[in-house]
Amino acid sequence: MSLEVCGGKPLKGEIAVHGAKNSVLPILSATVLRAGVCVIENCPCLRDVHSAITILEHLGCRVHREGSTVTVDASTLHTCSIPDAMMREMRSSVIFLGAILARTGCAELYLPGGCELGNRPIDLHLSALRCLGAEIEEEGGHICCKASCMVGREIQLSFPSVGATENIMLAATAAKGTTRIRNAAREPEIVDLACFLQKMGVSIRGAGTSEIEVDCVEKTQDVIHRVMPDRIVAATYLIGAAMTGGDVLVCDLVPEHVATVTALLECSGCNLDIDRDKIRVRGTENLKSCGTIRTMPYPGFPTDAQAPLMAYATQCAGTAVFVENIFDSRYRHVSELTRMGANIQVVGRVAVVEGKSPLSGANVSASDLRGGAALVLAALCADGVSRISEEKYIDRGYESIENGFSKLGAEIIRKGE
Ligand code: EPZ
C-alpha cells in the first residue's frame, strides 16, 4: 500500500480534529487499574489504539468498540504478562507496566517498540518504580517486576519524561501514602490522564505543572471520559492549510495546546482567526522564514511538530534553523524531503532549511509517524504526483489521513502495491 498525492491544490474547507493518540494510549493502560468498566469517548481509530486494545484483551479485559467509544471491562483481568511481539508494536506499551504493577503487584513484559527516533531507553521509568519499592530484573529486553508493597516517595526526574511521568502516576495509585513527582512532564496529555484518574477516584494534585502529587487510592469507581483533541494532528492540518496557500477552519482543538505552532505560522505571514475551540488559517504566497525552532518539553515547541513544520519551512523564503533537543535522531524525513527538491543540511541535532524551494512529486518512503506526515504535507505542495510508501507509520497517529485531506480538496488516495 502507499499514498498517492497530486499536489498543487490549496486546501479549503473545514476539518474536525480527532482524539489524541498520546492521551488515549496511557488512558487505555489506566483502565487496568479499575476492576470494573471504563468508557472512553472520542477514541481515535489508529493502529496504536488497536495495539493497545490487543494488549488489554490479552490481559483478560473485555473491550468493546462502537464508533469512537471504547468500553473496557477490566474486572476479568487474569494475567500480568505481555508478550514480546505485543510490546514491540508501539512505545506506549511500556505504560502498561505501572498499571499492571498497581493492579496485581507483579508484571512481566519486554522493552517497548515505537518509532525509530534514536535511543529510547526506559531507565527513568524503571528507576522511579524501584524508588517506589518495585523489585525489577531486566535481562535481554525481558523485564520482571514484583511490587508486593509499594510506598509513596518523592521522585526527582532528571528529564521531564512524558512516559515516565505517566508510569509513575499509575504505579503511585497503589503506593501507600503520597508520591510526589518533581520535574514531571507538563504535557496536556498528562493533564488528561490525571483527569481520567480523578474520575476513577484517585486524588491527584499539580498535573500540568512540574510537581505532581498522587495519593494511594483505596476504592476505585467506574469512569466515563472524553479524550482531549490531538494537538499534533491539529498542528498538521493548520500547517497544511498554511503551506498550500489555503483557507481552512480547523475545529475541535484547544488553541493553547498549539500556541507555539500558531505563533510561528503568524510570524511567517499567515492570517489566523483563533476562537475558543477552532482556528481559521489562511496561507499567503509570500511566506517568510520562521527563524530558529528549538524543540522543548511542553509548553515549548513540540518535537512531534518538528517534521511537519520543516516541510512548511521549505515553502518559506529565507533560512530556518531547527534544533531537535528531545530525540537523538529525528531527521529521517530530511533525505526524503530533499528528494522532492528541498534544500536542507543536517549537522547533529541541527537542520538548516533554505527556502523557498519549489518541490516536485517523487517516490518517497515514511520511516516514522511525524516524518511521514511531513512527506504528505510536502507532496500536497509539490508539482506533480508523489507516492509515499510505508504509510503504516502515518496510520499510527492519523485517522485516515487521506480522507482528512481529501475533505479539504486535496487529491490524495491510498493505493495497493
Ligand atoms: C511521548 O513519548 C510521546 N509518545 C512522543 O510522541 C513524544 O514525542 C514524546 O512523549 C515527547 O513529547 C507517546 O505519548 C505515546 P519521553 P515518550 O519519555 O514518553 C528520553 C509521536 O510521534 N528518555 O518524554 O517516549 C527519550 O529517549 C510520539 O506521537 C530517557 O532517556 O517520550 C527521549 O530522548 C513520538 N529515558 C526523551 O527522554 C527514559 O526512561 C523524551 O522521551 C525515558 C525517556
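Rules behind the numbers
Residues numbered from 1 in each chain as written. Predicted model: local features only at pLDDT ≥ 70, side-chain atom pairs only at ≥ 80, totals over all residues. Heavy atoms only, no water. Pairing = 2+ DSSP bridges. Helix = DSSP H or I, 4+ residues; strand = E, 2+ residues; numbered from the N terminus. Axes fitted to C-alpha atoms, helices over the stretch in contact; angles between N-to-C directions. Near = heavy atom within 4 Å. Polar contact = N/O pair within 3.5 Å; in protein donor to acceptor, adjacent residues only side chain to side chain. Expected span 1.5 Å × (residues − 1). Buried < 20%, exposed > 50% of the residue type's maximum accessible area, 1.4 Å probe, protein only. Disulfide = S-S within 2.5 Å. Contact = heavy atoms within 4.5 Å. Right-handed = clockwise from strand over helix to strand, strands pointing away.

Caption draft 1: Expanded view of the sheet that holds strand S16 (residues 278-282). Strand order in the open sheet formed by four strands is S2-S14-S16-S15, with mixed pairing between adjacent strands. Each having just a single partner strand, strand S2 (12-16) and strand S15 (271-274) make up the two edges of the open sheet. This sheet shows a mean twist of 15 degrees between the axes of neighbouring strands, independent of strand direction. Two elements, strand S14 (residues 247-251) and S16, share five bridges in a ladder whose sense is antiparallel. Bridge pairing links Asp247 to Arg282 in S16.

Caption draft 2: Layout of the site of the ligand. Taken together, 23 residues surround the ligand, and among them Asp123, Leu124, Ser161, Asp304 and Ile326 come closest. Contact between the ligand and Arg91: an oxygen atom at 2.9 Å from a side-chain N or O atom of the residue. Of all the secondary structure elements, the ones that give two or more residues to the shell around the ligand are helix H1 (21-30), helix H5 (123-131), helix H6 (162-172) and helix H12 (369-381). For the shell around the ligand, the element with the highest residue contribution is H5, accounting for three residues.

Caption draft 3: The arrangement of helix H7 (residues 188-200) in detail. Between its first and last C-alpha atoms H7 spans 19 Å; for 13 residues at 1.5 Å apiece the expected length is 18 Å, and the two agree. Regarding H7, the residues found buried are Pro188, Glu189, Ile190, Asp192, Leu193, Ala194, Phe196, Leu197 and Met200.

Caption draft 4: Here's a closer look at the state of the cysteines. Under the defined criterion, the tally for this structure stands at zero disulfides. Free of any disulfide, Cys38 has its nearest cysteine sulfur in Cys61, 9.6 Å distant. With relative accessibility at 1%, the residue Cys38 sits in the buried group.

Caption draft 5: Region of the structure containing the side chain of Ser161. Looking at the element boundaries, Ser161 is found in the loop between strand S9 (154-156) and H6. For Ser161, a relative accessible area of 12% translates into the label buried. Here the side chain of Ser161 touches Ala164 through a polar contact of 2.9 Å, landing on its backbone nitrogen. Ignoring sequence-local partners within four residues, the contact set of Ser161 consists of Leu124, His125 and Ala185.

Caption draft 6: Structural detail: the sheet that holds S9. Across the sheet, which stays open at both edges, the four strands sit in the order S9-S10-S12-S11 with mixed pairing between neighbours. At either end of the open sheet lies a strand with only one pairing partner, and these are S9 and strand S11 (204-205). Alignment of S11 against strand S12 (residues 211-215), held across two bridges, turns out to be antiparallel. Bridge pairing in S12 places Ile204 opposite Val214.

Caption draft 7: Fine view of the pairing of strand S22 (residues 385-389). Here S22 shows a clear split, with Ser386 and Ile388 buried on one side and none of Val385, Arg387 and Ser389 buried on the other. Sheet topology places strand S1 (residues 2-6) next to S22; five bridges connect them, and they run antiparallel. Residue Glu4 lies in a different strand from S22, and its bridge partner there is Arg387. Pairing analysis gives three bridges linking strand S21 (residues 363-365) to S22, with the strands arranged parallel. What sits directly across from Asn363, in S22, is Arg387. Once the chain exits S21 it traverses H12 before rejoining the sheet at S22, and the crossover so formed is right-handed.

Caption draft 8: Spatial organisation of unusual backbone geometry. With omega at 15 degrees, the peptide bond leading from Tyr298 into Pro299 counts as cis. Structurally, Pro299 is set in the loop between strand S17 (292-294) and helix H10 (306-313). Positive phi is not limited to glycine here, since Asn183 has a value of about 65 degrees. Assignment of secondary structure puts Asn183 in the loop between strand S10 (178-182) and H7. Look at Ser400: it is not a glycine, yet its phi comes out positive at around 45 degrees. Position of Ser400 among the secondary structure elements: in the loop between S22 and helix H13 (401-407).

That's the geometry; what it means functionally is another story.
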